[in-house]
Every structure is written in structure tokens, then in C-alpha cells.
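Summary of the model geometry
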Amino acid sequence: MKVNYRMGLRLLLHVFISLVLLALAIIGSISLTEWLIPQEGDKQDSLGLLSMYIIISGFFIVFVWSIGRPIYYMIGWINRLADGIYVEPEDGSNIYSTKTRRLKRPYRLFKELFTQLQTLTDVLENSKKERSRIDEMKKEWIAGISHDLKTPLSNIKGYSSMMLSPQYDWTEEEKTGFLMEIERKAKHMEDLIGDLTLSFRLDEHEQQLPLKWEQIDLVEFVRRIVVDVTNDPRADQYNIFLETNVPHIQTLLDVKLLERALHNLLLNAILHNPAGTNVTIQIMLNTSVHIVITDDGIGMDEEAVDQLFNKYYRGTATDLLSEGTGLGMAIAKQLVLAHGGDIKVTSRVNQGTSISVKLPLRN
């Protein structure tokens, strides 16, 4: 409103000054006519009317041109934005003074509009680049998921074909090994599909995910998750510690969904760090509950931290082969937010990572 008020006041002042100049020009033309033809009559009247017609016509031409030229330029600019061209028109340099780089006088009447148009152009251009970047990430993400699903499926098909092949007489021990490998790969595919299903479900309920609240001891709940991850074969060479400043914390939460979130966060600290990394889970209680997962691993740069919870971002912090869809961190954040909590990440390259989960205390 302030910008519109100033621009309107400037336009009114411009119109007022223009009308004053027009009135002075008409008075001057009348005086000049009387000086050229002192005697009253048809000649004096004709010359006076002709001079007034010329002055008024010239005034309107100049006035309309001075007001209309910036408007015409802005309309052309808006049309370019509508066509998806998010840059200022090529002749934009003509509206600026070559010495001061300020808008020329006619355009200066609408300088707030020019500023807003430039801001809108920059925002649209940045949004276009961001959309292109996300689209590219989506393509890479889909390609990665297709590979992740194809790999265990190929293994299942391969082991099945080997067992059914009449050319070999497999021992019971070998058959058992094949079946165990098929089961493991099938479980892996089940986890991948589960991630995809949960991700789409979270997107559908973006505003409010329906939760099944249960009263539970949060300390014991986290302890079970830590034990489960510790018993995972992938965590054999990692040091995992649990610390808490209170023995029990009674609160309401959705056990299944929050377990999925914390399990993803803790397992991520294992999968993306080298063997021997120390991982500490701290539970702290004040006005709210804080669960902090800290590791002394390889850490991340600023770009990786910014993209960590993007569902289309598949970081490669280590040389380990991907074991999932890359959705784990995005799902974890969505589930924490669904509980009314918050999640923050701090990390430095070669100095480790800390993920802080804040949850409201519900009784």
C-alpha cells in the first residue's frame, strides 16, 4: 500500500505540473497572438484558436507518450513472463541512463512497479531453475529405485532358476542357502516397496497424518530400537551407546511410525560411516523430549545437509552400495513433524554429524 500511495502521489503531481504548464502555454499563446495582431477580429481569433489547438494537441501527444511508453514497456515485460521468458526485455538498457544507471525520467514515475517486476522476474527464474533441478533429481531417483528393485529381483530369479535347473543335483544344504538368499532379497524388496508406499501415504496426508496414539515409556522404546539396530549385521563393527538423564519418560506417540523414523535415522548413521564409528543416542527431558543421534564419522558438507531430507536426494557419503530408496531420511522427518516435533541436523566434513529430534511431551 505504501508503494502504491507513493506512486499515485507522484503521478498526481506529474499530472498537476503538466496541466499548469499547459495553462501557462495557452496564456502565453494568447499573449503572443494579441502582440502579433493587436486589432481584435477574425484574424486574431483564428490565430489564437490555431495556436491553442497546436499547443493542446502537442501537450496530449507528449503527455500520452510519456505515460504510455513505460506502460507499453511493462506490458511487453509481463507478456514475456506469461510466455515463460523470465528475463527483462532485450531493450531494457534503453530505459536506464548511461551515466547514472537510474531509470530515465518517464520510467521513473513507475519505479516501484519496475522494481517489483524485476523481483518477480528473478523469483520466477529461480523457481524455474529449482524446478529443473528437482525434475533432474526425480529422474535420477526413479532410475536409482528401478535399479534397486531390479537387483534383488534378478537375484531371486537367478537362484530360482538354479534350483529348478535339471542339470545340477543340489544338496539340501545348498538349497537351504539358496532359499535363505531368496528370502533375504524378498525382504529387501518388501522394505523398498514399504518405503515407497509410506512416502506416498505421507504425501496424501501432508497436512495431518492420522496417528494411533499410545502411552509408552520413551526411554525403553528408544532402548529397544538401539538393541534392534545393534543386532543388525551391518552394525557389527560400530560402537553404539545410549545415554539418558532420566530413567523413564511417559508420553503419547504412534509407536509404529516413530519407531520407523528413529530406526531410519540411527541406521543412516551406520550405513554412511566407516567401520569403527562411534554412534551415541542421547535422551534428554526438559519442557520437551530431545533425542540426539551423534556420530564421529565422515560428516557432510553444507550442500548435503541442505538436501538431506529431500525425498529425491540420494547422497553418496560412502562407497557402500545403496540398500534403500533414499527415502529414509525424508520419511523420518515427515513422521517427526506429524508428531508435532522438529528435526535439525548439524555436520562438518570429517568431524561427524548430529541429528536432533525434538518431540512435545504428551501425557
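My aim in this report is to walk through the structure given alongside it, one point at a time. (Residues numbered from 1 in each chain as written. Predicted model: local features only at pLDDT ≥ 70, side-chain atom pairs only at ≥ 80, totals over all residues. Heavy atoms only, no water.)

**Some details on the overall build of the chain**
- Looking only at helices and strands, one finds 9 helices and 7 strands in the chain.
- When each of the 363 residues of the chain is scored for burial, the buried share is 36%.
- Looking at the chain alone, contacts between residues at least 24 apart form 71% of all its contacts between residues at least 6 apart.
- When the accessible area of the chain is evaluated, it comes to approximately 23000 Å², of which 58% is carbon and sulfur surface. (Helix = DSSP H or I, 4+ residues; strand = E, 2+ residues; numbered from the N terminus. Buried < 20%, exposed > 50% of the residue type's maximum accessible area, 1.4 Å probe, protein only. Contact = heavy atoms within 4.5 Å. Areas by Shrake-Rupley, 256 points an atom, 1.4 Å probe, with all protein chains shown as cover.)

**Things to note about the packing of helix α6 (residues 218–230) against helix α7 (residues 255–271)**
- Interaxial distance between α6 and α7 falls to 10 Å at its minimum, and their mutual angle equals 45°. In terms of orientation, α6 and α7 fall into the oblique class. Crossing geometry of α6 relative to α7 is assigned as right-handed. Contacts between α6 and α7 pair Phe221, Val222, Ile225, Val226, Asp228 and Val229 from the former with Val255, Leu258, Glu259, Leu262, His263, Leu266, Leu267 and Ile270 from the latter. (Axes fitted to C-alpha atoms, helices over the stretch in contact; angles between N-to-C directions. Parallel < 35°, antiparallel > 145°, perpendicular 65-115°, else oblique. Left-handed = near helix turned anticlockwise from the far one by under 90°.)

**Examining the sheet that holds strand β4 (residues 278–285)**
- Taking strand neighbours across the sheet as the criterion, the 5 strands line up as β2-β4-β5-β7-β6 in an open arrangement whose pairing is mixed. Strands at the two margins of the open sheet, each flanked by one partner only, are β2 (239–244) and β6 (342–348). Here the average twist between neighbouring strands, direction ignored, is 10°.
- In this structure, β6 lies alongside strand β7 (residues 352–360), joined through 7 bridges in antiparallel fashion. Each residue of the ladder has a partner; that of Lys344, found in β7, is Ser356. (Pairing = 2+ DSSP bridges.)

**As for the nonpolar core**
- One finds Phe221, Val222, Leu265, Ile281 and Ile291 to be the most contacted residues of the largest nonpolar core, which totals 50 residues.
- The element best represented in this core is α7, accounting for 11 residues.
- Those residues in contact with Ile281 that sit more than four places away from it in its chain are Val222, Val226, Ile240, Phe241, Leu242, Glu243, Leu266, Ile291, Val292 and Ile293.
- If you look at the next biggest cluster of nonpolar residues, it comprises 14 residues, including Tyr73, Leu81, Tyr86 and Ile95. (Core = buried A, V, L, I, M, F, W, Y, C linked by side-chain atoms within 4.5 Å.)

**Considerations on unusual backbone geometry**
- The phi angle at Asn350 is positive, at roughly 65°, despite the residue not being glycine.
- Taking the relative accessible area as the measure of exposure, Asn350 reaches 63% and is therefore exposed.

**Here's the deal with the packing of aromatic side chains**
- As enumerated under the stated definition, the model contains 7 aromatic pairs in all.
- Seen from their ring centres, Tyr73 and Phe114 are 5.9 Å apart, and the 40° between their planes marks the pair as tilted. Of this pair, Tyr73 sits in helix α2 (residues 42–82) while Phe114 sits in helix α4 (residues 111–164); the two residues are 41 residues apart in sequence, bridging distant segments of the chain.
- On the numbers, 6.4 Å between centres and 45° between planes, the contact of Trp77 with Phe114 is tilted. With Trp77 in helix α2 and Phe114 in helix α4, this residue pair connects regions lying 37 residues apart in the sequence.
- Connected via pairs of aromatic rings, a cluster forms that spans Tyr159, Tyr168, Trp170 and Phe178. (Phe/Tyr/Trp six-rings, centres within 6.5 Å; stacked < 30°, edge-to-face > 60°.)

**Topic: the environment of Gly299**
- Relative to the elements of secondary structure, Gly299 occurs in the loop between β5 (288–295) and α8 (302–307).
- The spatial distance from the C-alpha of Gly299 to the C-alpha of Ser347 is 5.5 Å, given a sequence separation of 48 residues.
- Apart from residues lying up to four places away in sequence, Gly299 is in contact with Asn273, Ser347, Arg348, Val349, Asn350, Gly352 and Thr353.

Nothing here speaks to function; it is all geometry.
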